Amino acid sequence: MQTEELLQLINKVQHFKCEFQTIEVKAAEMGCPTRLYDSLSSFSNQDEGGIIIFGLDERKAFEAVGVYDIQDLQHKVAEQCKQMEPEVRPLFTVAELQGRFVVSAEIPSVEADLRPVYYKGAGRQRGSYVRVGESDELMNDYEIYSYDAFRRRIRDDIRIVAGAKVNQLREEDLKKYLKELKETSANLSNSSTDDEIMELMGITCDGNPTMAAVLAFGKYPQAYFPMLGVTAVVIPGTKIGDTGADDERFIANQRINGTIGEMLDGAVEFVRRNSRVKTVIDENGKRKDKPEFPIKAVREVILNALLHRDYSIHTEGSPVTICMFSDRMEVTSKGGLYGRISVKQLGKVHAEIRNTTLAGILEIMHVSENRYSGIPTIFNEMEAAGLPAPEFLARGGEFKVILRNNIEREVSVENMETESIETKKNNRSREERLLDFCKTPRSREEITEFMGFSRYYVMEKIVKPLLESGQLEMTIPDKPKSKKQRYVRK
């Protein structure tokens, strides 16, 4: 990092008066902080890496207070970096600001097959951290497992399903699969029996059906995995908890079970059935129905969620979820991005496949193309429909796709003034609702869930102004970042 870049980052922090996903601030005026392990771990474990800036004091509105000793600080930070596994190698930059020296330590990201980076003194389970907004949080067991699964190439889709028998698979579907496979693979058709082919292709393992076989051919997969289905709801508002005119929480609520193909068809039909349809007049004067979301994009989103989700024992209790709000649709599945790919690379590079056997089966059965065309199709369909680009989020061991219906942009000119007034009313009322909610002390997580926005937005745009105005107060004011911190109405 150049000195000018460091000064720009400092200006950004002081302007917004907060830390960020990739920026952590430490005072270091009286000495080197003795516990940097959580930030070293969390920054190393995210694709963007991170930067620790020493010499700014958060308690003094991020004023530049300088560091006690540049050389000793760098030495002690480097020593803490050596206590990480694998070892972290920081890059230091020094800048002078208002007559005081400020030091930054750039913490590089590590490859996915080397994660999680953790503090050796605490061990992998208690020393691995993930960055969430401006805080470092301990990784849960599943997040750690997901890295281990990639590094060790654990194939959960070919694990044996306890209690399942081959005669419980759909015979006609299995015959169709084997026929299609033989037609495309001469070696298999000429020299192998059906039983041998099923073993080779991961349908069976030692004669027992695998997870992939049950999901693709099972008469009722949920007999073994009751929660491995799809739950779909329609919310009468923009966040969970909103209610309709009759105080209903859901306009529609359905659990969709069956094989991957059946769940895909059922989920797409649910979205189609519960989507608003707009009638438009084309250039030839003909009426045409325009669905709220392009169905091709919807199908690809749901297919990706079912095909690429995590099917390990850690996620057996988590279904794929579809939430249709008034302004968007969200599809969430267990299992973050697999391998070395980042969210920014989706649709641009070929991603590694988590469930290779299941993907192969669905390709032969013509459910999935398996040609890395899914994400580009979603982008293209949303663009062709005049809708915002899809949004992808990978955090906390989950992957979420958001499709927005462009409802704000479709407000007519005549209604813009009314819309603006209504928006202002809503903006005023959200603070009032939060103050009522905080009559009982609430945590950051509780407040974020209640408000329905991102944690950063809630804390910066809603909670912080209420704190500054004195309407809210912290229960532990001398430790603003404490995990035990609660916010209560004064």
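Residues numbered from 1 in each chain as written. Predicted model: local features only at pLDDT ≥ 70, side-chain atom pairs only at ≥ 80, totals over all residues. Heavy atoms only, no water.

Student: Explain the overall build of the protein to me, please; I cannot follow it from the model alone.
Tutor: The secondary structure content of the protein amounts to 16 helices and 22 strands. Across its three principal axes, the protein shows a C-alpha extent of roughly 80 × 60 × 45 Å. Burial statistics for the protein: of 490 residues in total, 44% are counted as buried. At a minimum sequence separation of 6, the contacts of the protein that also span at least 24 residues come to 65%. Treating the 70 positive side-chain charges of the protein as one cloud and the 77 negative ones as another, the clouds have centres 2 Å apart. (Helix = DSSP H or I, 4+ residues; strand = E, 2+ residues; numbered from the N terminus. Buried < 20%, exposed > 50% of the residue type's maximum accessible area, 1.4 Å probe, protein only. Contact = heavy atoms within 4.5 Å. Lys, Arg positive; Asp, Glu negative; His and termini not counted. Charge placed at Lys NZ, Arg CZ, Asp CG, Glu CD.)

Student: Any chance you could explain the confidence of the model for the protein here in plain terms?
Tutor: In low-pLDDT segments, the atomic positions of the prediction should not be examined closely. Taken as a whole, the protein shows an average pLDDT of 89; of its residues, 91% reach a score of 70 or greater. Contacts for the low-pLDDT stretch residues 408-428, under 50 throughout, to residues beyond four places or in other chains number 6 contacts. (pLDDT = per-residue confidence, 0-100.)

Student: Please clarify how the state of the cysteines should be interpreted in this entry.
Tutor: Linking two cysteines covalently through their sulfur atoms gives a disulfide. Summed over all chains, the structure comprises 0 disulfides. You can see C18 has no disulfide; the closest cysteine sulfur is in C438, sitting 20 Å from it. (Disulfide = S-S within 2.5 Å.)

Student: Would you mind showing me how to read the pairing of strand 6 (residues 91-97) here?
Tutor: When a strand is regular, its side chains alternate between the sheet's two faces. Alignment of strand 6 against strand 7 (residues 100-107), held across 7 bridges, turns out to be antiparallel. If you follow T93 over to strand 7, its bridge partner there is S104. With antiparallel pairing between neighbouring strands as the criterion, strand 6 and strand 7 make up a hairpin whose turn holds 2 residues, including Q98 at a positive phi of roughly 55 degrees. (Pairing = 2+ DSSP bridges.)

Student: Can you walk me through the pattern of salt bridges in this structure?
Tutor: A side chain with one charge may pair with a side chain of the opposite charge, provided their charged atoms come close. Enumeration according to the criterion identifies 33 salt bridges in this entry. Residues E19 and K481 are paired through a salt bridge, measuring 2.1 Å at the closest nitrogen-oxygen approach. Taken together, the residues span a long stretch of sequence, with E19 in the loop between helix 1 (3-16) and strand 1 (23-26) and K481 in the loop between strand 21 (472-474) and strand 22 (487-489) at a distance of 462 residues. Its relative accessible area of 1% is what places E19 among the buried residues. For K481, a relative accessible area of 34% translates into the label partly exposed. (Salt bridge = Lys/Arg side-chain N within 4 Å of Asp/Glu carboxyl O.)

Student: What should I look at first to understand the sheet that holds strand 1 in this one?
Tutor: What links the strands of a sheet is backbone hydrogen bonding, and the strands pair in either a parallel or an antiparallel sense. As summarised here, the arrangement of the 4 strands in space is 1-2-7-6, forming an open sheet in which the pairing is mixed. Edge positions in the sheet fall to strand 1 and strand 6, since each has one partner strand and no second. The mean angle between the axes of side-by-side strands here comes to 20 degrees, regardless of whether they run parallel or antiparallel. Relative to strand 7, strand 2 (residues 50-54) runs antiparallel, the two being bridged by 5 bridges. Each bridged residue has a counterpart across the sheet, and for I51 the counterpart in strand 7 is E106. Where helix 1 meets the sheet, it contacts strand 1, strand 2, strand 6 and strand 7, and its direction lies at approximately 70 degrees from that of strand 6. The strands that helix 2 (residues 37-44) touches are strand 1, strand 2 and strand 7; relative to strand 2, the one it contacts most, it runs at about 150 degrees. (Axes fitted to C-alpha atoms, helices over the stretch in contact; angles between N-to-C directions.)

Student: Sorry if this is basic, but what is going on with a negative patch on the surface here?
Tutor: Negative charge collects at one region of the surface, where D195, E196, E199 and D206 lie side by side. Within the secondary structure, D195 sits in helix 8 (residues 194-200). Residue classification places D195 among the exposed residues on the basis of a relative accessible area of 54%. (Patch = residues over 30% accessible without salt bridge, like charges linked within 9 Å, V, L, I, M, F, W, Y side chains within 5 Å. Areas by Shrake-Rupley, 256 points an atom, 1.4 Å probe, with all protein chains shown as cover.)

Student: For this particular structure, what's the right way to read the environment of Q471?
Tutor: Within the element layout of this structure, Q471 appears in the loop between helix 16 (455-468) and strand 21. Residues Q471 and L435 lie 36 residues apart in sequence; the distance between their C-alpha atoms is 7.7 Å. Residues contacting Q471, with those up to four places away along its chain left out, are L435, L466, V488, R489 and K490. Polar contacts involving the side chain of Q471 include one to the side chain of S469, which spans 2.9 Å. (Polar contact = N/O pair within 3.5 Å; in protein donor to acceptor, adjacent residues only side chain to side chain.)

Student: Help me out: how do you make sense of the packing of aromatic side chains in this one?
Tutor: Applying the stated criterion to the full structure yields 7 aromatic pairs. Ring centres 3.7 Å apart and planes at 5 degrees place the aromatic pair Y37 and Y119 in the stacked group. In this pair, Y37 is assigned in helix 2 and Y119 in strand 8 (residues 118-119), connecting sequence segments 82 residues apart. On the accessibility criterion, Y37 (15% relative accessible area) is buried. The exposure class of Y119 is partly exposed, given its relative accessible area of 22%. Where Y177 meets F217, the ring centres are 5.5 Å apart and the plane angle is 55 degrees; that geometry is what we call tilted. Separated by 40 residues along the polypeptide, Y177 in helix 6 (residues 171-184) and F217 in helix 9 (residues 211-217) bring together distant segments of the chain. F217 sits in the buried class, given a relative accessible area of 0%. (Phe/Tyr/Trp six-rings, centres within 6.5 Å; stacked < 30°, edge-to-face > 60°.)

Student: Would you mind showing me how to read the nonpolar core here?
Tutor: In globular proteins that are soluble, nonpolar side chains generally tend to be buried together. Formed by 66 residues in total, the largest nonpolar core has its most connected members in Y177 and I322. Those residues within four positions of I322 in sequence are excluded, and the remaining contacts are V230, T231, A232, V233, A267, V271, I302, M329, E330 and V331. In terms of nonpolar packing, the next biggest core, distinct from the first, is built from 19 residues, I52, V88, I107 and V117 among them. (Core = buried A, V, L, I, M, F, W, Y, C linked by side-chain atoms within 4.5 Å.)

Student: Can you walk me through the sheet that holds strand 19 (residues 391-395) in this structure?
Tutor: Taken in spatial order, the 6 strands make up an open sheet running 14-13-17-18-20-19, and their pairing is mixed. Looking at which strands have only one partner, the edges of the open sheet turn out to be strand 14 (252-256) and strand 19. Strand-to-strand, the axes of this sheet are offset by a mean angle of 15 degrees, without reference to chain direction.

Student: Help me understand the packing of helix 11 (residues 295-308) against helix 13 (residues 374-384), please; the structure alone is not making it clear to me.
Tutor: Packed helix pairs are characterised by how far apart their axes lie and by the angle those axes make with each other. Running from amino to carboxyl end, helix 11 crosses helix 13 at an angle of 150 degrees, the nearest separation of the two axes being 8 Å. Here helix 13 runs roughly antiparallel to helix 11, going by the angle between their axes. For helix 11 against helix 13, the interelement crossing comes out left-handed. Of the residues in helix 13, those in contact with K296, A297, E300, V301 and N304 of helix 11 are G374, I375, T377, I378, E381 and M382. (Parallel < 35°, antiparallel > 145°, perpendicular 65-115°, else oblique. Left-handed = near helix turned anticlockwise from the far one by under 90°.)

Student: What should I look at first to understand helix 11 in this one?
Tutor: Side chains that are three or four residues apart share a direction in an α-helix, a result of its 3.6 residues per turn. Between its first and last C-alpha atoms helix 11 spans 20 Å; for 14 residues at 1.5 Å apiece the expected length is 20 Å, and the two agree. With respect to burial, helix 11 is a largely interior element, 10 of its 14 residues being buried. Listed as buried for helix 11 are A297, V298, E300, V301, I302, L303, N304, A305, L306 and L307. (Expected span 1.5 Å × (residues − 1).)

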